[in-house]
Amino acid sequence: MQKVIILGSTGSIGCNAIKVIRSLGHLKIVGIAAFKQHRRLADQIKEIKPRMVGIIDRNQYKALKAAGTRVPICVGEEGVGEMIERLDADILICAFASALGIHGIIKGIEKRMRICLATKEILVSFGDILMKKVKQYKAQLFPIDSEHSAIFQCLEGRHRKHVKAIILTASGGPFFKRSLKNVTKADVLKHPVWNMGKKITVDSATMMNKGLEVIEAHHLFDMPPDKIRVVIHPEALCHSLVEFIDASILAQFSYPDMRLPIQYALTAPQRRSSCIKHLNVSSIKSLHFFPPNLKKFPCLQYAYEALTIGKSMPAVLNAANAACVEMFLKGRISFREIPRIIYKTMALHSPCKGTIEDYRAAEAWAKQTVRRITC
Ligand SMILES: NC(=O)c1ccc[n+]([C@@H]2O[C@H](COP(=O)([O-])OP(=O)(O)OC[C@H]3O[C@@H](n4cnc5c(N)ncnc54)[C@H](OP(=O)(O)O)[C@@H]3O)[C@@H](O)[C@H]2O)c1
């Protein structure tokens, strides 16, 4: 049986990954980690019986311990790295909601684990460094994001020189056809297609999620920004497309269900039957594709700009966005202020190339700058 560690087990992707692993039957979860929800983690420990657990927030250690768990608990980001080091697992599912965990993933790459990556923020902030490690260790990195899973499948066995462009689809979010005037938190958190964590749901509403995915695609598929396009596809049945130099376009279709890309990240290039509903093609009445409105959703444009500038700018975009999303969710800024503050933060940054710690410092600077701009 292959052994699996899940970072972010208490989240939307983490919980779906647990379901998929159960249905596949040939994998065993040996390690799980969360950020701070100790009760949820304690329930998962009882249910899954892992060999080790990790919790990032040190303040929650005692509460987790008090819940009666006898499983060894690793604390903080270093603790998660230690868990990866000690467990000797085969597969690492990365589904934290932020770029925390980068050192753990690098450890997983060095141990030649199969890396199944949902956390796009890791590639946005540290893409150059991570992909260099992947190449150095000839590691297997499989995307979980549905769009990147689709592109990965369309590219399988094909030569990159034959690719003209990759085309990421976006559902358009809750405001595709609605004005952005007087938008409430409840409006933002009501995604028309996907049921996801709060951060990515807000990112979908601003279209920053697609911007982060453009940067993710650049690193995963080694594509320059001008060969990565975005189209709005409200039906969310086509999960992305690849255009080839001979004018052919390949696409991947399915009902929107994150269990499918999670399963493929775990089994690729093999395919296993699943409990996911099969798409009845004859039931599709129409499919629509529209260009994105960059004026209404400038975050997408800012992500292209950050990618083109490179160095520490994508990390600044990522951290400024995370800080804005947090402030929006706490009711401190309005929805329309999010892109304005990100833009101001990027304009104040002098990008530099560096190490993980340098990019982390740029992230910390961006978060501070957002706080300064908003107070
Ligand atoms: N949900 C989707 O359908 C979907 C699709 C594609 C890609 N993704 C990507 O997958 C990742 C996880 O998304 P999600 O929707 O599963 O998120 P989520 O439901 O909010 O869960 C996030 C997980 O990360 C932990 N977490 C919370 N705050 C964190 C922080 N500041 N830093 C690190 N970890 C934190 C949570 O722990 P606690 O429970 O202890 O707070 C939880 O285990 C994101 O990068 C997202 O962009 C998600």
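Residues numbered from 1 in each chain as written. Predicted model: local features only at pLDDT ≥ 70, side-chain atom pairs only at ≥ 80, totals over all residues. Heavy atoms only, no water.

Q: How do you make sense of the packing of helix α7 (residues 146-155) against helix α10 (residues 208-221) when you look at a structure like this?
A: Two measures define how a pair of helices packs: the angle their axes make with one another and the distance between the axes. In contact at an axis separation of 10 Å, α7 and α10 are set at 30° when each is read in the N-to-C sense. Between α7 and α10, the angle is such that the two are roughly parallel. By crossing handedness, the relation of α7 to α10 is classed as right-handed. Touching Glu-147, His-148, Ile-151, Phe-152 and Leu-155 of α7 are Lys-210, Glu-213, Glu-216, Ala-217, Leu-220 and Phe-221, all from α10. Each residue belonging to the contact of α7 with α10 can be placed in one class, and the counts come to six nonpolar, one polar and four charged. (Axes fitted to C-alpha atoms, helices over the stretch in contact; angles between N-to-C directions. Helix = DSSP H or I, 4+ residues; strand = E, 2+ residues; numbered from the N terminus. Parallel < 35°, antiparallel > 145°, perpendicular 65-115°, else oblique. Left-handed = near helix turned anticlockwise from the far one by under 90°. Contact = heavy atoms within 4.5 Å. Nonpolar A, V, L, I, M, F, W, Y, C, P; charged D, E, K, R; others polar.)

Q: Sorry if this is basic, but what is going on with the packing of helix α12 (residues 298-309) against helix α14 (residues 337-348) here?
A: Running from N to C, α12 and α14 cross one another at 20°; their axes reach a closest spacing of 10 Å. When the interaxial angle is binned, α12 and α14 end up roughly parallel. When the axes of α12 and α14 are compared, the crossing they make is left-handed. The segment α12 lies against α14, with Pro-298, Cys-299, Tyr-302, Glu-305 and Ala-306 engaging Pro-339, Ile-342, Tyr-343 and Met-346.

Q: Looking at this structure, how should I read the pattern of salt bridges?
A: For side chains bearing opposite charge, pairing can occur when the charged atoms are close. If you walk through the whole model with that rule in mind, you get 18 salt bridges. In this structure, Glu-47 engages Arg-22 in a salt bridge whose closest nitrogen and oxygen atoms are separated by 2.8 Å. Pair noted here: Glu-47 is in helix α2 (residues 38-48) and Arg-22 is in helix α1 (residues 12-24), with a separation of 25 residues, a long-range link. Classification of Glu-47 as partly exposed rests on a relative accessible area of 48%. What makes Arg-22 partly exposed here is its relative accessible area of 49%. (Salt bridge = Lys/Arg side-chain N within 4 Å of Asp/Glu carboxyl O. Buried < 20%, exposed > 50% of the residue type's maximum accessible area, 1.4 Å probe, protein only.)

Q: So what exactly am I meant to see when it comes to the domain arrangement of the protein here?
A: Accessible area lost on assembly of the parts is the figure often given for the size of an interface. Here the domain parsing of the protein yields domain 1 (2-143), domain 2 (147-300) and domain 3 (310-375). Distance between the C-alpha centres of domain 1 and domain 2: 25 Å. Between domain 1 and domain 2, the residue contacts involve 24 residues of the former and 26 residues of the latter. Between domain 1 and domain 2, roughly 2300 Å² of surface is buried when both sides are summed, and carbon and sulfur atoms account for 69% of that area. Looking at the side of domain 1 facing domain 2, the largest losses of area belong to Leu-24, Lys-120 and Pro-143, adding up to 28% of the total buried there. The interface formed by domain 1 and domain 2 contains two salt bridges. The partner of Glu-213 in a salt bridge is Lys-120, with the nearest N and O atoms 3.0 Å apart. The interface formed by domain 1 and domain 2 contains eight residue pairs in polar contact (both at pLDDT 80 or more). Contributions of two or more residues to the side of domain 1 that touches domain 2 are made by α1, β5 (91-94), β6 (114-117), α6 (120-136) and β7 (140-143). Counted by class, the side of domain 1 that touches domain 2 contains 16 nonpolar, four polar and four charged residues. (Domains from an automatic or database assignment. Buried area = accessible area lost by both parts, 1.4 Å probe. Polar contact = N/O pair within 3.5 Å; in protein donor to acceptor, adjacent residues only side chain to side chain.)

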